[in-house]
Each structure stands twice: as structure tokens, then as C-alpha cells.
Amino acid sequence: MARYELVKRSVALITLTNPPVNALSSPVRHAIANSMERALSDPKVRAVVICGENGRFCGGADIREFAGPLRGPPLIPVLEAIEAGDKPVVAAIEGMALGGGFELALFCHYRIAQSKARLGLPEVTLGILPAAGGTQRLPRLIGIPAALEMITTGRHISAQEALKLGIVDQVTDQNACETALEFALKAVGKPLSPRRVSTLTTPCPPDLDALLEAATMQVKKKTPGVMAPLACIQAVRAAATMPYSKGMKQESELMATLFNSGQARALQYCFFAQRTAGKWTLPSGAQWNNSKPREIRSAAVIGLGTMGRGIVVSLARVGISVIAVESEKKLLENGRQMVIGMLERDAKRRGVSASLNLLKFTLSLQDLKDVDLVIEAVFEDMALKKRVFQELSKVCRPGTLLCTNTSGLDVDALAGVTDRPHLVAGMHFFSPAHVMKLLEVVCGPRSSSETIATAMSLGKKMGKVSVAVGNCPGFVGNRMLKPYLDQATFLLEEGATPEQIDKALEDFGFAMGVFRMSDLAGLDVGWRVRKESGLTGPDVDPKNPPRKRQGRRYCPIPDMVCEQGRFGQKTGRGWYKYDKPGDTNAKPDPLIQNLLETYRSRYGIQPRNISDQEIIERCLFVLANEGFRILEDGMAARPEDIDVIYLFGYAFPRHRGGPMFYASMVGLERVLERLEHYHQAHPDVPHLEPITMAYTGAQKALKSDKLDEAQALAKSCAGRPDFLPCDGLSICATHSHGKCFKLHWCCHLGWCHCKYVYQPMTNVAQLPSTPVPAAPSDCTDTIDLSISLTERFLRISPCFLPPPCPESPKYCNIAELFIDDYIVKRINGKMCYVQRPPIHTEAPSTPPQINPASLTPQKQHTEDKQTVEETVKGPKMGHCSSPSSSEDSGINALGGHYLESCEEESEDELSTDGHSSPGSLWDQDECTLLSPSKSIVEIIENIETTV
Ligand SMILES: CCCCCCCC/C=C\C=C\CC(=O)SCCNC(=O)CCNC(=O)[C@H](O)C(C)(C)COP(=O)(O)OP(=O)(O)OC[C@H]1O[C@@H](n2cnc3c(N)ncnc32)[C@H](O)[C@@H]1OP(=O)(O)O
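Each chain carries its own residue numbering, running from 1 in the direction its sequence is written. Local features in this predicted model are restricted to residues of pLDDT 70 or higher, and side-chain atom pairs are both shown and tallied only at a pLDDT of 80 or more, whereas totals for entire chains, interfaces and linings draw on every residue. Processing note: side-chain calculations cover all non-hydrogen atoms of the structure and skip hydrogens and water entirely.

**A word on the packing of helix α8 (residues 208-222) against helix α9 (residues 227-241)**
The angle between the axes and the distance between the axes are what describe a pair of packed helices. Using the following cut-off: Every axis in this analysis is a line fitted to C-alpha atoms, fitted for helices over the stretch in contact. Angles between the N-to-C directions lie between 0 and 180 degrees. By definition, any uninterrupted DSSP run of H or I lasting at least four residues is a helix, any uninterrupted run of E lasting at least two residues is a strand, and each is numbered from the N terminus. Note on terminology: angles under 35 degrees are roughly parallel, angles over 145 are roughly antiparallel, angles of 65 to 115 are roughly perpendicular, and the others are oblique. Any pair of residues with heavy atoms lying within 4.5 Å of one another is described as a contacting pair. Under the scheme applied here, ten amino acids are nonpolar (Ala, Val, Leu, Ile, Met, Phe, Trp, Tyr, Cys and Pro), four are charged (Asp, Glu, Lys and Arg), and all others, including Gly, are polar.
Put simply, α8 and α9 touch, their axes get as near as 10 Å, and they point 170 degrees apart. In this view, α8 runs roughly antiparallel relative to α9, as classed from their interaxial angle. Here L208, D209, L212, A215, T216, V219 and K220 of α8 lie close against α9, whose contacting residues are P229, L230, I233, R237, A240 and T241. A breakdown of the residues in the contact of α8 with α9 according to their chemical character gives 8 nonpolar, 2 polar and 3 charged.

**Overview of the site of the ligand**
Selection rule: Being near a molecule or strand, for a residue, means having at least one of its heavy atoms within 4 Å of it. Here a polar contact means two N or O atoms within 3.5 Å. Within protein one must be a hydrogen donor candidate and the other an acceptor candidate, and residues neighboring in sequence count only if both atoms are side-chain atoms. Methods summary: accessible areas were calculated by the Shrake-Rupley approach with a probe of 1.4 Å, and residue burial reflects only the protein chains presented.
In the vicinity of the ligand lie 29 residues, with R56, A61, G100, R275 and K279 positioned nearest. The separation between an oxygen atom of the ligand and a polar main-chain atom of A61 is 2.8 Å. Between an oxygen atom of the ligand and a side-chain N or O atom of R275, the distance comes to 2.7 Å. For the ligand, the accessible surface in isolation is 1200 Å², of which the surrounding protein chains cover 76%. Secondary-structure elements contributing two or more residues to the shell around the ligand are β5 (96-98), α3 (100-107), α10 (244-259) and α11 (262-278). Of the residues belonging to the shell around the ligand, the class tally is 17 nonpolar, 4 polar and 8 charged.

**Describing the sheet that holds strand β15 (residues 424-429)**
Keep this limit in mind: DSSP calls a pair of strands paired once it identifies at least 2 bridges connecting them.
Read from one edge of the open sheet, 8 strands run β12-β11-β10-β13-β14-β15-β16-β17, paired in mixed fashion. With partners counted over all chains shown, the strands left at the sheet margins are β12 (359-362) and β17 (465-470), one partner each. Each strand of the sheet is rotated relative to its neighbour by a mean of 25 degrees, with strand direction disregarded. Two strands pair when backbone bridges link them, and β15 and strand β16 (residues 438-443) are joined in this way by 4 bridges, in the antiparallel orientation. Looking at the pairing, H428 lines up with E440 of β16. Packing of helix α12 (residues 306-316) onto the sheet brings it into contact with β10 (298-302), β11 (321-325), β12, β13 (373-376) and β15, and relative to β10 it is tilted by some 170 degrees.

**Overview of the pairing of β15**
Remark: a regular strand shows side chains that alternate across the two faces of the sheet. Cut-off, in case you're wondering: Burial classes follow relative accessibility: with a 1.4 Å probe on protein chains only, a residue under 20% of its type's maximum area counts as buried, one over 50% as exposed, and anything between as partly exposed.
Burial of β15 is extensive: 6 of the 6 residues sit out of reach of the surface. Residues V424, G426 and H428 line one face of β15 and the alternating positions A425, M427 and F429 line the opposite face, and both faces are buried. Here 3 bridges tie strand β14 (residues 401-404) to β15, and the two strands are oriented parallel to one another. Bridging across to β15, C403 finds its partner in A425.

**Brief notes about the UniProt feature "domain: 3-hydroxyacyl-CoA dehydrogenase NAD binding" (unreviewed entry) in the chain**
Stated precisely, the cut-off is as follows: UniProt positions are given in the numbering used here, feature names are shortened, and annotations may be inferred rather than shown by experiment.
Here, UniProt's "domain: 3-hydroxyacyl-CoA dehydrogenase NAD binding" (unreviewed entry) annotation points to residues 299-471. The distance separating the terminal C-alpha atoms of residues 299-471 is 23 Å; by composition the span is 38% helix and 23% strand.

**Remarks on the pattern of salt bridges**
Heads up, the condition is: By salt bridge we mean one thing: a side-chain nitrogen of Lys or Arg within 4 Å of a carboxyl oxygen of Asp or Glu.
Per the counting criterion, the structure on display carries 48 salt bridges. D372 is the salt-bridge partner of R397, the closest N and O atoms lying 2.6 Å from each other. A residue pair is termed long-range when its members are at least 10 positions apart, and R397 in the loop between α14 (382-395) and β14 and D372 in the loop between β12 and β13 qualify at 25 residues. Close ionic contact of E614 with R618 constitutes a salt bridge, the shortest N to O distance being 2.8 Å. Taken as a pair, E614 and R618 lie in helix α23 (residues 612-632) at a separation of 4 residues, close to a single helical turn. Here the salt bridges do not stand alone but share partners, grouping E493, E494, R547, R553, R608, E614 and R618 into one network.

**Concerning the pairing of β14**
Where we set the bar: Note on handedness: a clockwise path from strand one over the helix to strand two, with the strands aimed away from the viewer, defines a right-handed crossover.
The alternating pattern of β14 places L401 and C403 and L402 and T404 on opposite faces, both of which are buried. Note that β13 and β14 share 4 bridges and pair parallel. By the bridge assignment for β14, L373 is matched with L401. Each parallel crossover has a hand, and the one from β13 via α14 to β14 is right-handed.

**Topic: the state of the cysteines**
Basically, it comes down to this: Cysteine sulfur pairs qualify as disulfides if the two atoms are within 2.5 Å.
If you walk through the whole model with that rule in mind, you get 0 disulfides. C58 provides the cysteine sulfur closest to C108, a residue in no disulfide bond, and the two sulfurs are 11 Å apart. A relative accessible area of 0% means that C108 is categorised as buried. As a non-bridged cysteine, C619 has C555 as the owner of its nearest cysteine sulfur, 12 Å distant.

The following block contains the structure:
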């Protein structure tokens, strides 16, 4: 795990040896501790160099260790021994120094970086913070603004930037280890005190409060509801206002808060899910490690609509020569200009030259005879696509792979018209294809493993997150979208408004609610698809009940909206109104309100109050339910694949982990029970029928009206180590409300329901100095809810771990763990955020100095305006080059979610949420405030509606 060598007769060389990224697992921490002890005690050793094997310094803590009880030596004391030693220690950084690996380097006295190395503190993307001193040491080294930016974004920086910021002492184009050995010898005898970062004073800018406030506003805007960035700011504040040791204590307390949070679990799950998806597997047994991809040097793209153009750009910028085909001269010329413009802008942003020489534009399919692979991106019309595939089959050499960018049509039907069905697959890009990271690789029944391996590998080369899926209508992403969209419109019928539904979804974490997003994507596309499939329009039998199709509930409201020429942002009117066509500022439209009221009265629907909880449950549980069906049908190999599709293709909030992970966090019994409940209320909506019922016929228990569900469930879970029964006084381990004030179902499962986040709870008995309440009385009634769904789910995906076992969490006193300036109080039966009184922070022992680095303005991530505009314009219709796929299918109404889900610089972007979730302090009715100004008190929820 670490090699110890004495080199140059006086330097101890410690090499971390834990492939693939030299993560700081328990044995590695052990080995570092032992090696340092040996080096410091050996009189021959005058200096130490730490490096990593295989050109990788260190990828940080071993994230897999976070799932279980922490074992082995804690990292901080191991690192402290490095700094405290009396021999100079030099970090030789090659490849990467990330997270704990970067912190290891910050404990060394000197840092040398190879010029290609990347450094960063990406912990925030995993829902935690740099807790091995990173939040206290980096600000001391480079000042608050630069440290804040690095820590709250998790951005990786280059060696050159690290040198400029003062993080590393030297950058070399040579071997970093060799350079560090020379450097170490020269450092011998020089005083070490100034090199110990812990002894430095944080250069404190005079406008610290304003700076931190601005950073807080920025992260709340960019990642609302996500806790880790707020905790990072809190920790950096400590670096500026507290002595080092107190700051370290604050850092570790904040880490403890985050460490066991649902958000951290979700974000860490996302990290591994993304990597798991790359390890594709097919029912045939073919998989990533037994199937060889072909090398693709040349490709062709047919159709230069929005999708085709994006695909051409994605191919050309990774060095693949592309022939782009259109059906008419004007369309070809238009496409050429747009592609060139896109490539030039992309190259400018990346500081490289545009690869225009790789492009060829043609009107003739004959020009494609020698290409390695073709991606068809024509209009989403099966007859048209079949004609194209027949033609390709005649024109292309026998080995050319033929792929379709359909968003849901039968890939095998296309394969069937060619002379090479085994070389046909789907490559479903998301719009805009050069920006969106997701690629669904669709495996038809006749696709060969080599074809799938090639499409997956090409996706990877293009920088996409590729997921192998089966060939069914809508594949995975769009198949699941349908029931989700249906629920949204059914809720409109029943009494909700588009604004209410959107707000609930945005509060949950979606960047945009379903109706705002549909307006962005364009409503006409789905309308056309519904007309073509006979769901609306003149082909519908007049005897057909208006709200039923094929015996199932159907909501005609979206058709009625389109009949009024309201196609969304591009027409200035849709579910919302906009000041002018193309505007993005959605405003509620009284005309839609009128339409809904008229509709309801026409069909005798009594509108009812619909809670946000119902909106979330119906929209999201139905999504997960369809996900289970997809797994059951073998159309996705694993729940992770589904989650990755939703994270990268549909902007599912990353801190919720994806629909399948979210369902597992809520508790599958709960999901099952709620689906049953809604299905009973809406028996004509088959998607609400829980899959367990459909497939395993598990027994449904009769519920007595008087049954205390919570107690019954607690009892049924008794003895299971992952569920802690609670007495109503458990404490939410993370944020929102502190003490559980009422017996709730969730409490009995050891989870706290905070704004739809189920957080682990700890019994007060486990908290220091808290009186243990009397045990609750036994309850006799029971309910026999089926857990077969859970069992099956856990069998499918062992990575869904049960909640942490009691010895692993190191819960802190919630009261100390606020993470911004608000606390939670109970005021007249409502739970409110109340502004905290100002906190008197301890002043640093020496007067603050201004470091030039601290004056560096914070880096802003700029949005790719051009791509936004492109989507807003909406698709062109009616010719071969029209956008063919996702945005054209009408069912991928969320495809435009790219705004949040696919910024290119950062692989592990955080998604956004609608509400901040500050830390909490639960005080019972001690505040008499009745009508406080809105700026200082905000009602979060009525206490009665906590669950
Ligand atoms: C009360 C609670 C107290 C708790 C106290 C905790 C202790 C506090 C002290 C320190 C805390 C430190 C926090 C951290 O350091 S968190 C980790 C920070 N590091 C990262 O986030 C880096 C993550 N990795 C990456 O970004 C990339 O993997 C990269 C290193 C850039 C390499 O990229 P690439 O070459 O593309 O390779 P892959 O991404 O495919 O990865 C290859 C395999 O390695 C696995 N991997 C990578 N990093 C880690 C890691 N840090 N831990 C475990 N495993 C890691 C990855 O999953 C791949 O595995 P596989 O091949 O099986 O898929």
C-alpha cells in the first residue's frame, strides 16, 4: 500500500501503491504512518518525498470506505505527523492530487507538481467537505476568495494555476518524483516553521462578511437545497475567524453533519453509478470486458437538424472525420454554417483550433461508402428512417455500422431492412447533442456485441456517459417519462395548477418543473406525436370518451393548450405566458387558469387541494415504478443505469441520486404503499399499479382504520439492524427539524422526512447528555406489508446499502450545526426558518493581512448562451434535416434540462434544488413572534404536514 525506499542515501521515498488512484484506504493510511515514523526516526534520512505509483499521486479518501463503519487510523493524525516532523517533506504530484490526496500534499512542507497534474477538492460533489484540514489550510495558503471558489465548486485546477495561486512551489515538465528528490535535498537545513501551513494566518479580506454572503447567495442559487456547499462556506468562515485548532474542530463537526446525510449518500452513489454504467452487460452475456470495440476513424451523420448538427460537432471535436449529409442544398448550406460556427466557438472556449478540416458536407448518400459508422438523425418517422436504412445498406461497405438516433422507435425494425442487422444499433443522443452528456446505446435483439461495444466506446470517446439499454418503445428514459408527464396533467385535472406542480418539483430539486420545461422544449412536438398515434385529432372515434383512450385515463388538456397555438416559449405562450416569443421568464397565465376551470366544470370535476407531497409522490414514485418494470423486462441491466439516464438526460437532482435511488431512500415499502393508495384512487391509471403486485402477486394486507401504521411498521421492522424504532424523540442527523415532535411513520423507520429528504435519525439515547425517554408501550395491531419489492431491489443492486449502522455515525449536537444564518423554530404551530442573531466569532490572534491572492475575483462559470438560444428556437419541421430525435419526439419534454446537467468543465456537477436547507435548531414554541417580516421568518411547513 506504500513502498519505502532510501534513495540518494539520505532521502526517504514513500510511494503510495493502491491502484487505480492510490486512494487513502485504511492500509494506505497505516503505511503512510509507519513510513513516516521510520523516516523521522532514521538518522540517515534527512528529507522525505511522497509520491504515487503509476503517475498518480492520490485520488483522495477511499470513497467506498464511507459506506461502512470507519476503520483503521484516522487520516488527520497521520497527516499531522508529516507536518510536525523535523525533516522536510516534499509532495511529488503527478496525475492528480484530489480530496484527501490534495490535503496530504497540503500537510507536506513543499509541493512539486508535474505540468499535466490536476489538483482539487472535489468533496463537495460527494456531499461532504474537505475534512482533513482542507477547509482550514487552503485559505491560509491562498486566501479566502480563491479557496472558497475551489472548495465550494470542487473544480480541478491545473498545475500552472496551482503555481500561480501559491499552492505548489514548482511545476516541472520532467518526472515530478525526480525533481522532488533534488528539491528535498536542497530544502534540508532550511527552517520548517514557515512551511507549516497550520501556523499561517489566513489572509482575511476586509469585506469578509460580504464575500461569504455573496458566496452563500451564489451557491444557494446554483445548487439550492444542497447542503455541502453551505457547510463548506461555514468551514471557510472558521478558517478566517478562528484559530487553526478551533477551525479544525468546526470542520470536523460540519463533516459529521454531512457525512451521514441522505445527500452525501446520494451523491456518492451517483459517482459510482456513473462508473458502473460504463461496465455494460447484455442478456446474451456480452459485456464490457469480453467484447472488443472497433476503432472508428470516419463517420457520417444524416440530417443536419438540431440533433444532427450536435452529433457532427461531438464527433469532429474528438478527431473523427465526419461526412454530413442533407437532402437539399439550402439545408446543407445552413447546416454547414451552423456546424462550423459551433465548432469554432467550442474550440475558442477550449483554447484549441477548430477541426474544420475533418468535415465534409454532401447531398449524396453515395459519398458514404467507405465510412466506418453512420448515425442517422433524420425526422422521427419510421417510414423515412426505413428508406434511409435501405439506402445505406446498399451504399455502405459491408462492414459499416449503421446507427439510428431515434428517441424511441423500434431499432430492430430498422435493422430488418438492412443486409446487416447485427451491425445496427441505436445511439440516442439528447438535445443539444454536443452539450448533453447522456447517450443511450440501444441494443436490438440482433445487434452484435461488437456493435454495442463500438457504440459504447465511441460514446466514451465523445465524452458522453453512455448507458446500454434494450429496444422497447421510448427505450429507458422516454419510456419512464410518459407516466411522469401523465401524472402531472392528471394532477392539473384534479385541481393543481402548473405553477404549483412546478414549484413542488423545483423544491424537490429539479432545475425546472415539468411545465416550465415542456414550454422550453416546445409543446407542438408531443402534440404531433399524439396525433400521429391516434390519441387525439380527427382520427379519434367520436364515441370514445374524451378522458379515456384504450380503456385508460387520458388527459386532453395538453392538446387543448396546443389547439390554441400555445407551443411554449417559442410562441410566447404555453403553460405559462412570456413577454414575447423566445422569452424565458415564465409567468402564470390567467387564461390557463380559466381553461382549467372550464375544463373541470365541463367534466364535473370538483377541484381539490393537492399537497406538494402528493405531487412528488405521484410524479416520482410512478417514475421509479416504471423503472422497476424496465428492470423486470430486462431493458436496463441495473437500477444504476436508470438513475444515470435520469441524472444526465433529464436533470434529476443529483443530490437525490436518481429515481431508483430516491425510491430506496424513501423506503420501498413506503413507495409500494403509496402507489397502492394512489392506484386504488385511480384504477384507470395502470402505471400507478405497483410492480410488486403486478409481478409477484404479493399479499396486500387489510388495514384497519384505527391501525397505527407507524407502530405497526416499526414492529414489522423490529430486529432489522437497518431500522431504528423511535419514540418520537429522535433527532434528524442532518438538518431541518431537530427533534421529532410527533409519532410519524418515518420516525419509526429511523428516517426523518425533511422536505422530501429522508434523513437518518438517531435515537436521543445515543446523544450525549440527553435523558433517555421511557420506552413506548407495545402495540398489538400489526400490518403485514409486503417487502418483496425491497428484497428484490436489494438483490438486484447490492450497492443500495441500508442506513448506517449505529456505530458508524458520529452525530453531533444539532444546535451547533447550523450551516447558515437561519435556525428552525416552531412558531404558532408552524415550522419556520428564523434568522439567527449575529454570532460573535472569535477574532484571529494576529491582525488579518491582505494577501494579493485574496483579491482575486471569484471565477464565474459562464453559460453557453448559444446553446441555450438554439434550443429555445425550437425544431424545424417537415424535412429530412429536421431535428429528429429526443426533442422531436415530444415525449422527451425534459430533454432541455441540459442547462444544469451537462456543463462541460465539471464532470460531477451538482444539480439544483428549489429550497435551501439550512441547519436547524428545534425549539418548542418559545418564540412569540406573530407577524414577523418575511425577510427574517419563512414558514417551512405546518407541523401537521411533516410527513
Ligand atoms: C463523522 C464522520 C467523520 C468522517 C471522517 C472522514 C475522514 C476525513 C478525512 C478525509 C476526507 C477526504 C475526503 C475525500 O478525499 S473524498 C474523495 C475525493 N476524491 C475524489 O472525489 C476523486 C474521485 N475520483 C475521480 O474523480 C476520478 O476517479 C479520477 C481520480 C480523476 C480518475 O479518473 P479516471 O482515470 O477517469 O478513472 P475512474 O474515474 O474511472 O476511476 C477508476 C476507478 O477508481 C475508482 N475510484 C476513483 N477514485 C476513487 C476514490 N477516491 N475512492 C474509491 N474509488 C475510487 C473508481 O470508482 C473506478 O473504479 P472502478 O474501476 O471499479 O469503476
